[in-house]
Amino acid sequence: MAYITGLTKSKKEWTPEFIVAIDDETCIGCGRCYKVCAHDVLSFEELDEDDSAKMFMKVENAGNCIGCGACGRTCSKKCFSFAPVEA
Ligand code: SF4
Ligand code: SF4
């Protein structure tokens, strides 16, 4: 199977892994991923739980993702899943 590939500055080929999902069970809504994403992929969502409200991150614009992986590296809760995309 062929995947979308990119080139580094020195023209070395690499296969980006794009965002698939964020696990809202483990997300604590810290916002670290939101701060590192420069492509407007993520947004906060409020979830009502009984008497309290919980903030968590959701994938808003998956199509904007460039597959840099920065969000996943900054998440201490390992909420992110990524996958390459078929060309
Ligand atoms: S860094 Fe992880 S825990 Fe924090 S808001 Fe993002 S997905 Fe949630
Ligand atoms: S992989 Fe990069 S571009 Fe995609 S959501 Fe994460 S930080 Fe944003």
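Everything quoted here is computed from the prediction, not taken from an experiment.

Peer 1: Looking at this structure, how should I read the site of ligand 2?
Peer 2: Ile-19, Cys-37, His-39, Val-41, Cys-65, Ile-66, Cys-68, Gly-69, Cys-71 and Phe-82 make up every residue found near ligand 2. For the shell around ligand 2, the class distribution of residues is eight nonpolar, two polar and no charged.

Peer 1: Just to check I follow, could you spell out the pattern of salt bridges for this structure?
Peer 2: Where charged atoms from two side chains of opposite charge come close, those side chains can pair. A complete count under the given rule lists two salt bridges for this structure. Here Glu-45 makes a salt bridge to Lys-58, at a shortest N to O gap of 2.9 Å. Note that Glu-45 is positioned in strand S4 (residues 42–49) and Lys-58 in strand S5 (residues 52–59), a separation of 13 residues in sequence. A salt bridge links Glu-60 to Lys-58, with the nearest nitrogen and oxygen atoms 3.6 Å apart. Judged by its relative accessible area of 27%, Lys-58 is partly exposed. Here the salt bridges share partners, and the residues they tie into one network are Glu-45, Lys-58 and Glu-60.

Cut-offs applied
- Residues numbered from 1 in each chain as written.
- Chains lettered and ligands numbered in written order.
- Predicted model: local features only at pLDDT ≥ 70, side-chain atom pairs only at ≥ 80, totals over all residues.
- Heavy atoms only, no water.
- Near = heavy atom within 4 Å.
- Nonpolar A, V, L, I, M, F, W, Y, C, P; charged D, E, K, R; others polar.
- Salt bridge = Lys/Arg side-chain N within 4 Å of Asp/Glu carboxyl O.
- Helix = DSSP H or I, 4+ residues; strand = E, 2+ residues; numbered from the N terminus.
- Buried < 20%, exposed > 50% of the residue type's maximum accessible area, 1.4 Å probe, protein only.

The analysis is restricted to geometry; functional conclusions fall outside its scope.
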